[in-house]
Amino acid sequence: MTTLRLLHTADWHLGRWFHGHNLVEDQAHVLDQFVKLALDLRPDAVLIAGDVYDRMTPPEDAVALLDSVLTRLVVEQRVPVCLIAGNHDSPERINFGGQLLTASGLTMVGTTRTPAAHLDIDAKNGRCRIHALPYAEPAKVAAVFATGTAMSHAEAMQRQLDHVRATHPADRLSIVVAHAFVQGATESESERQLCIGGADRVPTNTFAGIHYTALGHLHKPQDLADGRVRYSGSLLKYSVSEAPHEKSVTLVELGKDGSVRTEAHPLSPRRNVRVIEGSLATLLARAPSEQNRLDYVHATLTDAGTVLDPIDRLREHYPNILGVVRKPPVHEASAAAAAASRDPQQRTTEQLFQQFFEHHTKQPLDRAQTAALYSELQALQRKKEDA
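Being a predicted model, the structure only gives us computed values, none of them experimental.

Rules used throughout
Residues numbered from 1 in each chain as written. Predicted model: local features only at pLDDT ≥ 70, side-chain atom pairs only at ≥ 80, totals over all residues. Heavy atoms only, no water. Core = buried A, V, L, I, M, F, W, Y, C linked by side-chain atoms within 4.5 Å. Buried < 20%, exposed > 50% of the residue type's maximum accessible area, 1.4 Å probe, protein only. Helix = DSSP H or I, 4+ residues; strand = E, 2+ residues; numbered from the N terminus. Contact = heavy atoms within 4.5 Å. Pairing = 2+ DSSP bridges. Expected span 1.5 Å × (residues − 1). Arc of directions from axis to C-beta.

With that settled, the discussion passes to the nonpolar core. Counting 40 residues, the largest nonpolar core has W12 and L14 as the members making the most contacts within it. For this core, the secondary structure elements donating two or more residues are α1 (24-41), β4 (45-49), α2 (60-76), β5 (81-84), β6 (106-109) and β15 (248-255). Tallying contributions element by element places α1 first for this core, with 8 residues. Excluding residues that lie within four positions of it along the chain, W12 makes contacts with Q27, L31, F34, I48, D51, V52, L66, V69, L235 and Y238. Counting 22 residues, the second largest nonpolar core, distinct from the first, contains L4, V109, I175 and V177.

The next thing to look at is the pairing of strand β9 (residues 173-179). Counting buried positions over the 7 residues of β9 gives 7, a clear majority of the element. Here β9 shows two buried faces, one formed by L173, I175, V177 and H179 and the other by S174, V176 and A178. The pairing of β9 with strand β12 (residues 212-216) spans 5 bridges and is parallel. Paired with A178 across the strands is L215, a residue of β12.

Attention now moves to helix α6 (residues 153-167). Between its first and last C-alpha atoms α6 spans 22 Å; for 15 residues at 1.5 Å apiece the expected length is 21 Å, and the two agree. For α6, the set of buried residues is H153, A154, A156, M157, Q160, L161 and V164. The arc that holds the buried residues of α6, viewed along the axis, is 160 degrees, so those residues lie on one side. Elements that come into contact with the buried residues of α6 comprise β8 (126-133), α5 (138-145), β9 and β11 (201-202).

In structure tokens, the structure reads:
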């Protein structure tokens, strides 16, 4: 059966630092694989679902790397690319030159519009319209649609999808590229919260009726809605919690009847992120025989007694070691978990403020107050990143 082929990726986070390590060379390594994969698979379009940069003001080497990758895809391979902004990106920076670049086959969308920006694909394998829905705070979506009322993340996405469905041509397959936290999906430690206390969750059925939704934001590759809604996952492992993940990009095949098939194509990192566990003596004894000692390694020690300078001793064998933790005995685990729940250092800034507010007012934050807190914290985060 003739199928339309799309290559879906997201969350590149170009310019990211990881425990003091600049990852741009690691990112270039896997992006070379991605470009070669596009050459082999010959997709009808490439979808990049946000967080292409790690911060709103990216470093020069990150900008140069993105420029190189997009040039190789769009100019050399003649593959149309649709790229949207995520919550880490500057909407204005992603928007810059958008009208000029679209004529060359590169659609870059940073801000919410009505109607939504879109890219039509007319290929021998089929026809589709790709709707670009970049990340936007609900207040900005409400302003674009002139609702006059506050919106949640779910309501903001619903309003945009209702408009997409109402305007989508019946003779084309419908594709949505979005950056959001969808209910039922698994998150990782390296993702920045979009909002407080689960208020950023978008129901899966919001995307009902769309043939395929290419999502960004969550770093674990995963399917929702029988594969019609999918996170491709991040380019690399950006936290120790992602050590079990196999990073990949997703090939999407859509039949003319609307059927969808997805296939993950793994990426091989220059340096893996992994956890090693055992006593210090055991880890040191087996280190010389390890093949990948340049990996980003996090050690869990099972020693019961005192251990002297474990990270320095392990660093002699693992120069890119990230850290060392002690594994508590089983009988201490529940007590440690209870202590962590009381420890302010284990709580987010949002949770601490909520607790403080409720303690003094005897009431939880209402919707408007929550939105105001989120807006202020986002502004502070941007100032910190710019600095």
